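A look at the structure
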Amino acid sequence: MALLTADFEFVSSFARRSAAIIIEPGKDYFVESRLSSLASINACASVPEFINLLRKTPTSHPLHGKVLDALTTNETFFFRDIAPFDALRETIIPKLITQRAAQRSLSFWSAASSTGQEAYSLCMLIRESFPQLADWNIQIIGSDLSATVLTQARAGRYNEFEINRGLTPALIKKYFTQEGNVWTANAELRRMVDFRPMNLIEAWPRLPIFDVVLMRNVMIYFDVPTKQTILRNIRATLHPQGSLMLGSAETTINLDSSWQSVGLGRATVYQPIGSA
Ligand SMILES: C[S@@+](CC[C@H](N)C(=O)[O-])C[C@H]1O[C@@H](n2cnc3c(N)ncnc32)[C@H](O)[C@@H]1O
């Protein structure tokens with residue numbers, strides 16, 4: 001059923017204002033399907049009735065955060081798209097080990113980390129392929145807008161469907177503990193990642209200078225000016241020799257000319273122009 005234009009516009013402008021998420025006109029079904037369970041949890045007979053409730057609810061109320069959670073797409077899985085992880089293992093981290101031999105410290109950011117699979121994949125890759133980093137200072141930050149996904153990420157808890165997406169039985173056995181239908185990342189893995197709330201379209205908090213930023217499958221939802229602002233902000237928090245990894249449908253090309261794209265195997269990595 002199509003929503004009233006005013007209802008659709010209320011939700012789409014809320015998503016745009018709060019998270020820069022664009023819901024194109026005509027995507028009424030998307031709004032209906034994403035909000036229908038919140039409507040019933042809040043005792044509303046329909047999505048339009050729920051949107052009315054939302055209109056009357058102060059923006060500081062947690063209901064707005066829940067609506068934003070429902071409108072975001074949290075799809076993720078372990079070692080997603082594999083090629084960026086191959087590039088990290090074969091080229092990027094070996095080069096960083098040489099460049100940072102004196103400091104013995106490396107920093108990574110999984111921005112828009114969703115439920116944590118990307119950050120934990122990076123931890124497993126480091127533990128499996130770079131035992132020489134065991135006594136280095138490795139900082140891994142995961143961040144997301146959604147409190148719900150961050151709670152799951154911090155707990156490192158995955159159901160059967162999630163654990164079987166991207167992990168081999170050997171990695172599951174080594175890094176997760178099974179209790180019934182829930183697999184929990186072991187304490188060492190969980191200690192390696194600091195998950196923090198962060199809305200990419202708000203003023204950025206003070207961040208470390210990162211060697212690698214993984215910001216995959218999130219800019220795709222943003223309009224051009226928002227992508228440009230985010231790329232400028234990443235540039236300011238990335239080491240001059242650092243690498244940015246985007247989703248396979250994302251690029252800096254035609255958005256920000258201060259990046260060069262570098263092909264590493266099947267992956268494309270973006271580096272600040274002028275980096276060695
Ligand atoms: C499709 S998931 C991508 C997860 C992971 N990076 C990957 O590629 O598998 C997109 C994530 O971006 C988050 N997100 C959407 N808008 C955001 C914003 N404005 N600030 C921070 N995170 C945002 C969502 O909550 C969601 O968890």
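Residues numbered from 1 in each chain as written. Predicted model: local features only at pLDDT ≥ 70, side-chain atom pairs only at ≥ 80, totals over all residues. Heavy atoms only, no water.

1. What about the site of the ligand?
For the ligand, the set of nearby residues contains 20 residues, the closest of which are Thr-76, Arg-80, Ala-112, Asp-144 and Asn-217. A distance of 3.2 Å separates a nitrogen atom of the ligand from a polar atom in the backbone of Ala-19. Computed on the free molecule, the ligand has an accessible area of 600 Å², of which 99% lies beneath the protein chains in the complex. Of the residues assigned to the shell around the ligand, the class counts are 7 nonpolar, 8 polar and 5 charged. (Near = heavy atom within 4 Å. Polar contact = N/O pair within 3.5 Å; in protein donor to acceptor, adjacent residues only side chain to side chain. Areas by Shrake-Rupley, 256 points an atom, 1.4 Å probe, with all protein chains shown as cover. Nonpolar A, V, L, I, M, F, W, Y, C, P; charged D, E, K, R; others polar.)

2. Here we look at the packing of aromatic side chains
For the coordinates displayed, the defined rule picks out 8 aromatic pairs. Ring centres 5.7 Å apart and planes at 80° place the aromatic pair Phe-78 and Phe-176 in the edge-to-face group. Of this pair, Phe-78 sits in the loop between α4 (62-71) and α5 (83-99) while Phe-176 sits in strand β4 (residues 176-179), placing them 98 residues apart in sequence. A residue is classified by how much of its surface remains accessible, and Phe-176, at 6% relative accessible area, is buried. With 6.5 Å between their ring centres and 85° between their planes, Tyr-120 and Tyr-158 make a pair best called edge-to-face. (Phe/Tyr/Trp six-rings, centres within 6.5 Å; stacked < 30°, edge-to-face > 60°. Helix = DSSP H or I, 4+ residues; strand = E, 2+ residues; numbered from the N terminus. Buried < 20%, exposed > 50% of the residue type's maximum accessible area, 1.4 Å probe, protein only.)

3. Some thoughts on the domain arrangement of the protein
Split into domains, the protein comes out as domain 1 (5-71) and domain 2 (83-272). Contacts between the two partners involve 9 residues from domain 1 and, on the opposite side, 10 residues from domain 2. Counting across the interface, domain 1 meets domain 2 through 1 salt bridge. A salt bridge links Arg-16 to Asp-223; the shortest N-O distance between them is 3.9 Å. The tally of links between domain 1 and domain 2 comes to 4 residue pairs in polar contact (both at pLDDT 80 or more). Contributions of two or more residues to the side of domain 1 that touches domain 2 are made by α1 (5-19) and α4. By residue number, the principal contributor to the side of domain 1 that touches domain 2 is α1, which donates 4 residues. For the side of domain 1 that touches domain 2, the residue count by class is 5 nonpolar, 1 polar and 3 charged. (Domains from an automatic or database assignment. Contact = heavy atoms within 4.5 Å. Salt bridge = Lys/Arg side-chain N within 4 Å of Asp/Glu carboxyl O.)

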